[in-house]
Amino acid sequence: MYKKLSEVLLPAAENNYAVGHFNINNMEILQAIMQAAQAQKSPVILGTSEGAIKYAGIHFLKKIVDAAVENYPDIPVVLHLDHGRTMSLIQACIKNGWTSIMYDGSNLSYEQNAKNTREIAQLAHEKGVSVEGELGTIGGAEDNVNAREIVYTEPEIAAKFVKQTQVDALAIAIGTSHGAYKFAGKQQLDTGRLKVINELITTPLVLHGASAVPKEIIEKAKKYGAQLEGAEGVPEEQITRAIKNGINKINTDTDIRLTFTATIREFLSNNPKEFDPRKILGVAREQMQKVAEHRMQLFGSAGKI
Ligand code: G3H
Ligand code: 13P
Ligand code: ZN
């Protein structure tokens, strides 16, 4: 059943676990995530970026998610706009039945970010839709944003931001970055900063850029021709520590993308005569499900429904 973000994050905050946000771009990724949620009895957050909406189309995405919700009636599903940056996209998602939106004003001044986030939260809450805000800057590159430096979230400013904006969840910058090349140098998650933020704020906290970039997936992709020198993710023990210290929503996109690519590279290389898309995408779907299941276990959301 469809749920708002607040409905799945409040029990997570009370019981000290995190709910996985997985980005979806097509039917196979969605099916893999839903199968994983079913197998693990876990609530799930389906993230659609602006790039995903451009690629698949807002109506196609909504209809395949409707089908998923109908097929898996016991799974709490949040349909969430990831990194919404324009009013037109946010309004389109609210109008089309998204149950949660992220407004990402992290590239703006504090005042402008807080003002926009407050207005969007008011508008969304009137329609029964949850809102995630972002303060500080998560590093890395996405389709619609240039590569950015990490600007760590200041605890007192974060406390002021949630009070002012009334967001249902807050994405904070504590050292992660989007994509497959995290921690250039020796950076680690700033758990000390997270602890202080968590002491000041009761609103659920969100960790973006949290993919593990598993070594075995990178090695497989490289064995079959991918160029991924220097790829590195967030170690699992740091994720566990982050959850202990107040993270209740964890975003994963890169691990699913890497799994998709590595599996297809291997399959095509081992089956040079195969050209049936169902066979090719089918093996990728199986492997993506395994990765999502593992993440749900790690986050502690497995068995929570
Ligand atoms: O936040 C970043 C997500 O991985 C989405 O990436 O904008 O390339 O779809 P994208
Ligand atoms: P990764 O690139 O680490 O998977 O992060 C995804 C994300 O934060 C989406 O908002
Ligand atoms: Zn993100």
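Everything that follows concerns the structure shown earlier in this document.
Residues numbered from 1 in each chain as written. Chains lettered and ligands numbered in written order. Predicted model: local features only at pLDDT ≥ 70, side-chain atom pairs only at ≥ 80, totals over all residues. Heavy atoms only, no water.

1. Brief notes about the site of ligand 2
Surveying the vicinity of ligand 2 reveals 14 residues, the closest of which are Asp82, Lys182, Ser211, Asp253 and Thr254. The separation between an oxygen atom of ligand 2 and a polar side-chain atom of histidine 178 is 3.1 Å. Within the side chain of lysine 182, a nitrogen or oxygen atom sits 2.6 Å from an oxygen atom of ligand 2. Out of a free accessible area of 310 Å², ligand 2 has 97% covered by protein chains. Of all the secondary-structure elements, those providing two or more residues to the shell around ligand 2 are β3 (77–84) and β10 (247–252). Partitioning the shell around ligand 2 into residue classes produces 1 nonpolar, 10 polar and 3 charged. (Near = heavy atom within 4 Å. Polar contact = N/O pair within 3.5 Å; in protein donor to acceptor, adjacent residues only side chain to side chain. Areas by Shrake-Rupley, 256 points an atom, 1.4 Å probe, with all protein chains shown as cover. Helix = DSSP H or I, 4+ residues; strand = E, 2+ residues; numbered from the N terminus. Nonpolar A, V, L, I, M, F, W, Y, C, P; charged D, E, K, R; others polar.)

2. Points about the nonpolar core
Counting 77 residues, the largest nonpolar core has Ile33, Met34, Val44, Leu46, Ile101, Leu170 and Ile239 as the members making the most contacts within it. In terms of residue count, helix α2 (residues 27–40) provides more of this core than any other element does, 7 residues in total. Setting aside its immediate chain neighbours within four residues, leucine 170 contacts Gly133, Glu134, Leu135, Ala158, Phe161, Val162, Ile201, Thr203, Pro204, Leu205 and Val206. Membership of the second largest hydrophobic core comes to 12 residues, among which are Tyr17, Val19, Ala169 and Ala171. (Core = buried A, V, L, I, M, F, W, Y, C linked by side-chain atoms within 4.5 Å. Buried < 20%, exposed > 50% of the residue type's maximum accessible area, 1.4 Å probe, protein only. Contact = heavy atoms within 4.5 Å.)

3. Examining the sheet that holds strand β9 (residues 205–207)
Strand order in this closed barrel of 8 strands is β1-β2-β3-β4-β5-β8-β9-β10, and the pairing throughout is parallel. In this sheet, neighbouring strand axes are inclined to one another by 25 degrees on average, regardless of whether the strands run parallel or antiparallel. Alignment of strand β4 (residues 100–103) against strand β5 (residues 130–135), held across 3 bridges, turns out to be parallel. Each bridged residue has a counterpart across the sheet, and for methionine 102 the counterpart in β5 is glutamate 132. Against the sheet, helix α1 (residues 5–15) contacts β1 (19–23), β2 (44–48), β3, β4, β5, β8 (169–172) and β10, and its axis sits at roughly 125 degrees relative to β10. Packing of α2 onto the sheet brings it into contact with β1, β2 and β3, and relative to β2 it is tilted by some 165 degrees. (Pairing = 2+ DSSP bridges. Axes fitted to C-alpha atoms, helices over the stretch in contact; angles between N-to-C directions.)

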